[in-house]
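# Report on the structure
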Amino acid sequence: MTTLEFILKNYKNFNARATRDATLAYWRHVEAGGKMFWAVAGAMSSAQLGITLAPAIRAGLIHGMSVTGANLEESLFRLVAHKEYKDFPDYRYFSKADDTRILNDRMRRVTDTSIPEDEAFRVVEKIVVPMWKKADETGARRFWHEYFYDIVQAVDPEQYEGDPEECWLLAAARANLPIVVPGHEDSTFGNIFASHVKLGECSASIAKSGIEYMTDFYDRYQELAEGAGVGFFQIGGGIAGDFPICVVPSIKYDLEQEAKPWAYFCQISDSTTSYGSYSGATPNEKITWDKLTEDTPMFVIESDATIVAPLVLSALLECKADPAAANKLIQAAGF
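The structure displayed is predicted, hence computed values, not measured ones.

### Some points on the pattern of salt bridges
Evaluation of the coordinates by the stated rule reveals 14 salt bridges. Across the salt bridge formed by Asp98 and Arg101, the nearest N and O atoms sit 2.3 Å from each other. On the criterion of helical spacing, the pair formed by Asp98 and Arg101 is a turn pair, its members being three residues apart in helix H5 (residues 96-104). Linking Arg142 and Asp150 is a salt bridge whose minimum nitrogen-to-oxygen distance equals 2.7 Å. For Arg142, a relative accessible area of 23% corresponds to the partly exposed category. A cluster of three or more residues bridged by salt bridges with shared partners is formed by Arg106, Arg108, Glu117, Asp118, Arg122 and Glu125.

If you want it as structure tokens, here you go:
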């Protein structure tokens, strides 16, 4: 049974139904020539979402991304230091002393796994710091992701510890995928960059700002929205999602230009709806901010993205690989 068959047969109600309907609407959108923009928060790269995210980028199922600085760098860490990661399946039962031992082992725990400082942070630091210093010497100014696009393609394949086919950053760099990295200062390498600025080794201006990301994204959005429009697929909440989805009302009200609304919306989140919680707000609220319309296909999947996103992507990859067979299955299931 394929993943698509499994979803069609078993996902009938509640969050399962939302997962099924969001997947089918996604497929119909891209099959009709539409684009899809992903916003990725949380620790998805450490959780190895790249296993399905990278193939989806290569297959043309993802056309732009907004990611946290952490997700950007952690995809690279998985590529160069995968074998040095340690997993902690019993993390729920850890004491403060247990986590102190992890610290002393120079590991940085992320829920049930950990990032090795020496094999990840310090290896990448040796590549990126000369890039920053050269940019400072030449007066070059670049977006944060552009440095990482260069880094991931500069790594010698002999240094790979992870499967390069599962590195979404490498797939995105090779495709030159449009990316925004809002709040990149809030990441390990954002901190490392700040330290080199503080020490006078390079200027903060070599990394373009979040405002410059938005001014560039105005144009990228209009390009993506041509034709059948661009949808918004969001994992988690926070700035990774909040920043790019605002581009539509900003174009309309601030630039006073025409802009298509987002053509699709889906959020996978375990944040429950609550007063003032943007991450837990229902999509309807976004209508009032002129980001979505009452006709926009909207889905909220209240579940763990590490479970849901690989299922959705696997089904979509099957659809992309054999559209005729996929559409026949979908039609036979009554959709």
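### Overview of helix H1 (residues 3-10)
Buried residues of H1: Thr3, Leu4, Ile7 and Leu8, and no others. Buried residues along H1 cover an arc of 130 degrees about the axis, so they all sit on one side. Packed against the buried residues of H1 are helix H2 (14-31), helix H14 (305-321) and helix H15 (323-332).

### Here we look at the nonpolar core
Membership of the largest hydrophobic core comes to 103 residues, with the highest contact counts inside it found for Trp38, Met65, Trp132, Trp168 and Trp262. Looking at this core element by element, the count peaks at eight residues for H14.

### Focus on the layout of surface pockets
In this structure, the largest pocket spans a volume of roughly 540 Å³. If you go around the largest pocket, you meet 27 residues; those closest to its centre are Met44, Ala47, Thr111, Asp304 and Thr306. Residues of the lining of the largest pocket, tallied by class, amount to eleven nonpolar, ten polar and six charged. Estimates place the volume of the second largest pocket at around 190 Å³. His145, Pro178, Ile179, Asp216 and Arg220 are the residues nearest the centre of the second largest pocket, which is lined by 13 residues in total. For the lining of the second largest pocket, the element with the highest residue contribution is helix H10 (residues 210-224), accounting for four residues. Along the lines of polarity and charge, the residues of the lining of the second largest pocket split into eight nonpolar, two polar and three charged.

Parameters and conventions
- Every residue gets a number counted from 1 within its own chain, in the order that chain's sequence is written.
- Where totals are concerned, whole chains, interfaces and linings use all residues; where local detail is concerned, this predicted model gives features only for residues with pLDDT of at least 70, and gives and counts side-chain atom pairs only at 80 or more.
- Only hydrogens and water are removed before side-chain values are computed, so all heavy atoms of the structure are retained for them.
- By definition here, a salt bridge exists when the distance from a side-chain nitrogen of Lys or Arg to a carboxyl oxygen of Asp or Glu is within 4 Å.
- Under the scheme used here, helices are H or I runs from DSSP no shorter than 4 residues and strands are E runs no shorter than 2 residues, and both carry numbers assigned from the N terminus.
- Think of it in three bands: residues with accessible area under 20% of the maximum for their type are buried, residues over 50% are exposed, and the middle band is partly exposed, with areas taken using a 1.4 Å probe on protein chains only.
- This arc is built from the directions going out from the helix axis to the C-beta atoms.
- We call two residues contacting when some pair of their heavy atoms lies within 4.5 Å.
- The definition of a nonpolar core used throughout is a set of buried Ala, Val, Leu, Ile, Met, Phe, Trp, Tyr and Cys residues joined through side-chain atoms within 4.5 Å.
- A 1.4 Å probe that fits but cannot get out identifies a cavity on a 1 Å grid over protein atoms alone, an open set with protein on both sides within 12 Å along at least five of seven lines counts as a pocket, and a residue lines either if it has an atom within 4 Å of a point.
- Grid points are joined across faces, edges and corners, and a volume is the space filled by probe spheres set on the points.
- Just so you know the grouping, Ala, Val, Leu, Ile, Met, Phe, Trp, Tyr, Cys and Pro go in nonpolar, Asp, Glu, Lys and Arg go in charged, and all remaining residues, Gly too, go in polar.

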